[in-house]
Amino acid sequence: MMREVKVVCREMDCGNPVSESRGRLIEDGRRGVRLYRCRGHESSIRQCGRGGPGVCDGEYYRHVTCSESVRLVDGAGLCSGRVEVKSNQSWASVCEADFDRQDAEVVCRDVGCGAPAALQGGLYGEGEGQTWDKEFQCKGKESLLLDCDTSDRENNTCLPGNAVGLTCSEPDDVRLVGGDSRCAGGVEWYDQGEWRTVGTTDWNQRDVAALVCRQLGCGSTVSALPGNTTRGNGASCSGSESSLRECRRTYDLRPGLTVICSDLLVQPDIFLTDPMGGVFRGHQRPEMFRGYNFTITCSTQPQYPGGSFLLTFTSSNRTQIQPAVNHSAAFLFPAADDSHQGNYSCVYDNYVFSHNFSSESELLSLTITGN
């Protein structure tokens, strides 16, 4: 439905689509139009496929919310593009010098997206019209850009390449539940004030699953299976969308979808301990005195039982492996010498949901110093 909402907001000159929902039941006998098959780039809903007019008994009104006074244009999806502000019934680009992180937080919120991810002049090209002649003074907590204070710009020129481009994160309106990980479980989306099960057809499972894993930052799809008992409102995705809200949705019940993504396991921790006091915390990385014993410990959050830790030493390709006991493993080195200097990392492996998963820690850099 968001494709149709895009066209409606564009035709009404009301900025970006923020949300759409099912409104109240249409009174029996009322006439209406069934709108479908918009591609999203049309300038009017008259250019979309229509199934009416006709009597809409048993149907629902559609409720559309647009951003009204600000929009993101020429981006890859609903949450990225060049920032433009509505001024005197026309749209004006904003100069990078007049726009900061707090302004970006409000714009992302205003257009129904998550927190700002990238802010850069010229990122999404130059606007063809005028440049906004005010400077925003948002505090970052406002709901709408119109709620922010403004002041006159000190410099009325905006050099080429300085029209501010903004990339917001996708809205936090999708989650996976019941899988002991944020990257596994049944798919739910936040709709009209509550979390609802997402259902899909067999032929569309892989596209929906891939989009969910991508939107959650959980890697690629490992498995996509229909839920056992739960049914939910349908979602139909083409695979090119940037978020689940851009997919076509239906309110007929379909089998729920259980998704497992590749980044199932959280990143493990790695740290250095020494019972003899041989570690000196240097400016760049820990330093170990020669001759002292030390221990490198790998640990992870208690997501799943079992598994193992592989300690890798990148300077010589040496590895050690131990089973995870209480979600951790300790690797003892009896006497430090120059051969122990280098970079270490922990790789946690576990067999879960009939698949092998692994996750690697950050590097631990160790220097061996004098006696």
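Just so it is clear, the structure is predicted and the values come from calculations on it, not from any experiment.

Remarks on the nonpolar core
In step 1: Counting residues in hydrophobic clusters, the biggest one holds 27 residues, and the most contacted among them are Leu-264, Phe-294, Ile-296, Leu-311 and Tyr-344.
In step 2: Elements with a minimum of two residues in this core: β19 (269-273), β22 (294-299), β23 (308-313), β25 (328-333), β26 (342-352) and β28 (364-369).
In step 3: A per-element tally of this core places β26 first, with four residues.
In step 4: Among residues more than four places away in sequence, those in contact with Leu-264 are Ser-181, Cys-183, Ala-184, Gln-303, Tyr-304, Val-352, Phe-353 and Phe-357.
In step 5: With 22 residues, the next largest nonpolar core counts Phe-99, Val-111, Cys-148 and Leu-166 among its residues.

Points about the packing of aromatic side chains
In step 1: Applying the stated criterion across every chain, the model contains eight aromatic pairs.
In step 2: Ring plane angle 10° and centroid distance 5.6 Å describe the contact between Trp-132 and Phe-136, whose orientation is recorded as stacked. Exposure class is identical for Trp-132 and Phe-136. Each is buried.
In step 3: Ring geometry for Phe-294 versus Phe-333: centroids 4.7 Å apart, planes at 5°, classification stacked.

Things to note about the confidence of the model for the protein
In step 1: Averaged over all residues, the pLDDT of the protein is 84; the fraction at 70 or higher stands at 88%.
In step 2: Per-residue pLDDT, averaged within each element of the protein, yields its smallest value for strand β5 (residues 54-55) (55) and its largest for β23 (95).

Thoughts on helix α1 (residues 2-11)
In step 1: Among the residues making up α1, those that are buried are Met-2, Glu-4, Val-5, Val-7 and Cys-9.
In step 2: Positive backbone phi, approximately 55°, marks Asp-13, located one or two places after α1.

Conventions we followed
Residues numbered from 1 in each chain as written. Predicted model: local features only at pLDDT ≥ 70, side-chain atom pairs only at ≥ 80, totals over all residues. Heavy atoms only, no water. Core = buried A, V, L, I, M, F, W, Y, C linked by side-chain atoms within 4.5 Å. Buried < 20%, exposed > 50% of the residue type's maximum accessible area, 1.4 Å probe, protein only. Helix = DSSP H or I, 4+ residues; strand = E, 2+ residues; numbered from the N terminus. Contact = heavy atoms within 4.5 Å. Phe/Tyr/Trp six-rings, centres within 6.5 Å; stacked < 30°, edge-to-face > 60°. pLDDT = per-residue confidence, 0-100.

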